[in-house]
2 protein chains.
Amino acid sequence: MSAPRSSPPPSRSSYENAPTHSVSVDGVDFVYRQLGPQDGVPLILLIHLAGTLDDWDPRVVDGLAARRRVITFGNRGVGGSGGSTPDTIDAMAHDAVRFIRALGFDQVDLFGLSMGGFIAQVIAEEEPHLVRRVILAGTGPAGGHGIDKVPALAIRATIKGTLTRQDPKLSLFFTDTASGRRAGHALLQRLEERTDNRDRDISLPSFRAQLKAVKRWGRRAPSDLSAVRQPVLVANGENDRMVPSQNTVDLAARLPKSELVPLYPDAGHGGIFQYHEDFVARALGFLES
Amino acid sequence: MSAPRSSPPPSRSSYENAPTHSVSVDGVDFVYRQLGPQDGVPLILLIHLAGTLDDWDPRVVDGLAARRRVITFGNRGVGGSGGSTPDTIDAMAHDAVRFIRALGFDQVDLFGLSMGGFIAQVIAEEEPHLVRRVILAGTGPAGGHGIDKVPALAIRATIKGTLTRQDPKLSLFFTDTASGRRAGHALLQRLEERTDNRDRDISLPSFRAQLKAVKRWGRRAPSDLSAVRQPVLVANGENDRMVPSQNTVDLAARLPKSELVPLYPDAGHGGIFQYHEDFVARALGFLES
């Protein structure tokens with residue numbers, strides 16, 4: 001376990017202005033941001049497919065950071081993080097564990113969104129002493145229904161988004177209803193609030209490696225979720241067309257210590273962003289219970 | 001040959017404000033715009049892959065319309081044009097011929113850009129009496145070097161464009177140099193000048209059909225270009241990474257009556273837009289010679 005190259009104090013500013021730090025993990029620099037109080041078990045956020053530091057809804061990060069030390073980081077080879085992106089979820093999980101230990105933490109909570117939720121499941125199972133509690137949103141178990149179709153869906157939405165001059169997140173994360181579209185545009189605006197020192201965009205090779213990892217996760221034999229001993233909070237929109245919502249219900253049913261947030265109405269993969277106030281309140285309650 | 005549903009007088013306004021008309025072609029409505037003088041042989045513009053009425057550089061259309069009757073139209077199933085998009089260049093050429101005859105024309109000039117240039121070659125060969133002169137830009141012959149790779153390249157650029165929040169046209173149509181990037185952004189701005197009554201974006205199924213047609217064209221046995229008897233003006237940037245520029249040189253060498261515009265320096269697939277003043281002058285000169 002290497003010591004962090006720099007040990008900045010957790011910032012009490014908002015995510016919009018949180019400085020980006022980096023820590024060397026076995027010779028590779030991982031970028032991260034932290035904010036919130038300095039005490040307590042840190043909450044490590046694991047981002048979705050193609051996501052960078054700037055894909056976290058600032059309302060969710062700030063909401064959680066009001067009471068928890070929150071840390072976001074860039075996966076290996078993504079945005080400002082060095083190295084080349086692995087093409088398996090297991091390798092991403094091992095990276096995350098090394099990153100957490102490089103920051104000097106012996107116990108953390110995890111919050112994984114979509115692909116980040118796949119990673120969180122692996123870490124929780126493999127590192128029962130490192131992980132205290134887990135929040136899983138818009139995600140599913142290995143071999144879960146429809147997950148192997150996520151790459152094709154993401155590519156299709158990306159191309160369609162270009163042809164229609166629309167951010168593909170709108171169709172992938174939100175329902176095609178008046179309130180879904182409104183919530184989608186509101187999120188896109190929030191994601192642009194930070195104007196200085198934004199993370200770099202993901203490269204095409206890194207995106208491809210992640211697509212491969214997601215497909216493999218979707219084609220894996222169903223994992224034995226009873227091996228995850230930690231308490232887990234599971235959340236999603238009721239109509240997730242990326243990682244179908246039944247995976248969320250399935251996770252809640254198969255995880256030994258689970259709590260299911262009632263699926264958010266008229267919401268999809270980005271349900272926790274659409275209902276960020278409710279989600280933050282429930283997440284904080286779960287972490288503090 | 002059906003009569004046009006409406007026969008609007010050619011508009012003398014700019015392309016920015018040119019009204020969009022439609023004409024029924026065997027029961028399917030094709031959208032089109034026309035401007036410029038009412039006399040003389042009309043110049044029919046054939047747009048590129050995924051292109052709609054609003055993908056024509058208004059400087060090029062207005063420049064040509066200063067002295068020629070210019071007509072742009074939407075391919076079958078693209079933008080506001082009805083029907084479903086065919087997946088062969090030959091079928092697109094037959095559509096274009098029916099569209100031209102539906103407008104009542106017995107003789108036209110053709111200006112095909114990229115995929116539109118494939119279509120123009122087929123029409124010129126199959127309809128020697130209908131076509132008087134041809135302008136081919138950023139295009140190549142059937143079976144031309146690298147053309148079968150255009151679909152993969154277009155998809156890759158589209159995905160990369162989304163990840164980097166950049167219009168894929170910048171990387172596909174322009175060189176990655178200071179002047180290339182400047183020219184690219186300038187074109188994107190010009191393409192947004194029209195704000196009212198814009199064409200609809202191409203749908204994903206129509207885009208896919210076109211990708212298939214382009215791939216097939218690229219894999220066809222080289223055609224006998226000596227069958228094209230009309231005078232042809234050939235133009236491109238010197239560094240076209242979509243339809244490699246050597247195809248332009250090849251066209252000029254193999255077409256019996258060709259004239260090659262010296263390849264535009266530090267320019268790619270969108271070279272005729274980057275050098276629109278020079279191109280318009282040469283095109284008008286060629287059409288009037």
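From a predicted model like this one, the values you see are computed outputs, not experimental measurements.

> An account of the pattern of salt bridges is needed here, citing residue identities and associated values.
Summed over the entire model, instances satisfying the criterion amount to 43 salt bridges over all chains. Between Glu-127 of chain A and Arg-101 of chain A there is a salt bridge, with its nearest N and O atoms 3.1 Å apart. Separated by 26 residues along the polypeptide, Glu-127 of chain A in the loop between α3 (115–126) and β6 (131–137) and Arg-101 of chain A in helix α2 (residues 89–102) bring together distant segments of the chain. Residue class for Arg-101 of chain A comes out partly exposed when judged on its relative accessible area of 26%. Across the pair Asp-278 of chain B and Arg-282 of chain B runs a salt bridge whose closest N-O atoms are separated by 2.7 Å.

> Talk me through a positive patch on the surface; I want residue IDs and the actual numbers.
Taken together, the side chains of Arg-156, Lys-160 and Arg-241 of chain A together with Arg-208 of chain B define a basic patch exposed on the protein surface. In this structure, Arg-208 of chain B sits in helix α7 (residues 204–219).

> Talk me through the sheet that holds strand β4 (residues 70–73) of chain A; I want residue IDs and the actual numbers.
The pairing of strands in a sheet happens through backbone hydrogen bonds and is either parallel or antiparallel. All names here are of chain A. Reading across from one edge, β1-β2-β4-β3-β5-β6-β7-β8 is the order of the 8 strands in this open sheet, with mixed pairing throughout. Edge positions in the sheet fall to β1 (21–25) and β8 (258–260), since each has one partner strand and no second. For this sheet, the mean angle separating the axes of adjacent strands, direction not counted, is 25 degrees. Against the sheet, helix α8 (residues 246–254) engages β6, β7 (232–235) and β8, with an angle of about 160 degrees to β7. The strands touched by helix α10 (residues 276–288) within the sheet are β3 (43–46), β5 (108–113), β6, β7 and β8, with β6 carrying the most contacts at an inclination of about 160 degrees.

> Can you lay out the interface of chain B and chain A for me, pointing to particular residues and giving the numbers?
Of the residues lining the interface, 19 residues belong to chain B; the matching set on chain A comes to 19 residues. Both faces combined, the contact of chain B with chain A buries some 1700 Å², and carbon together with sulfur accounts for 66% of it. The tally of links between chain B and chain A comes to 4 salt bridges. For Arg-165 of chain B, the salt bridge identified is with Asp-201 of chain A, shortest N-O distance 3.2 Å. Our count for the chain B to chain A interface comes out at 3 residue pairs in polar contact (both at pLDDT 80 or more).

> An account of the side chain of Thr-52 of chain B is needed here, citing residue identities and associated values.
All names here are of chain B. As for its placement among the helices and strands, Thr-52 is situated in the loop between β3 (43–46) and α1 (58–65). Looking at Thr-52, the relative accessible area reads 4%, which means it is buried. Filtering out sequence-adjacent residues up to four positions away, Thr-52 remains in contact with Ile-47, Val-78, Asp-199, Arg-200, Asp-201 and Ile-202.

> Could you give an account of the packing of aromatic side chains, naming the residues involved and the relevant values?
Counted according to the given criterion, the structure contains 14 aromatic pairs over all chains. Seen from their ring centres, Phe-111 of chain B and Phe-279 of chain B are 5.4 Å apart, and the 45 degrees between their planes marks the pair as tilted. With Phe-111 of chain B in strand β5 (residues 108–113) and Phe-279 of chain B in helix α10 (residues 276–288), this residue pair connects regions lying 168 residues apart in the sequence. Aromatic rings pair up to connect Phe-30, Tyr-32, Phe-73 and Phe-99 of chain A into one cluster. One cation-aromatic arrangement involves Lys-169 of chain A over Phe-173 of chain A; the distance from NZ or CZ to the ring centre is 5.7 Å. For the cation-ring pair, Arg-33 of chain B lies above Tyr-15 of chain B, with the distance from its terminal atom to the ring centre recorded as 5.3 Å.

What counts, and at which threshold
Residues numbered from 1 in each chain as written. Chains lettered and ligands numbered in written order. Predicted model: local features only at pLDDT ≥ 70, side-chain atom pairs only at ≥ 80, totals over all residues. Heavy atoms only, no water. Salt bridge = Lys/Arg side-chain N within 4 Å of Asp/Glu carboxyl O. Helix = DSSP H or I, 4+ residues; strand = E, 2+ residues; numbered from the N terminus. Buried < 20%, exposed > 50% of the residue type's maximum accessible area, 1.4 Å probe, protein only. Patch = residues over 30% accessible without salt bridge, like charges linked within 9 Å, V, L, I, M, F, W, Y side chains within 5 Å. Areas by Shrake-Rupley, 256 points an atom, 1.4 Å probe, with all protein chains shown as cover. Lys, Arg positive; Asp, Glu negative; His and termini not counted. Charge placed at Lys NZ, Arg CZ, Asp CG, Glu CD. Pairing = 2+ DSSP bridges. Axes fitted to C-alpha atoms, helices over the stretch in contact; angles between N-to-C directions. Contact = heavy atoms within 4.5 Å. Buried area = accessible area lost by both parts, 1.4 Å probe. Polar contact = N/O pair within 3.5 Å; in protein donor to acceptor, adjacent residues only side chain to side chain. Phe/Tyr/Trp six-rings, centres within 6.5 Å; stacked < 30°, edge-to-face > 60°. Lys NZ or Arg CZ within 6 Å of the ring centre and 35° of its normal.

So yeah, pure geometry; function would need other evidence.
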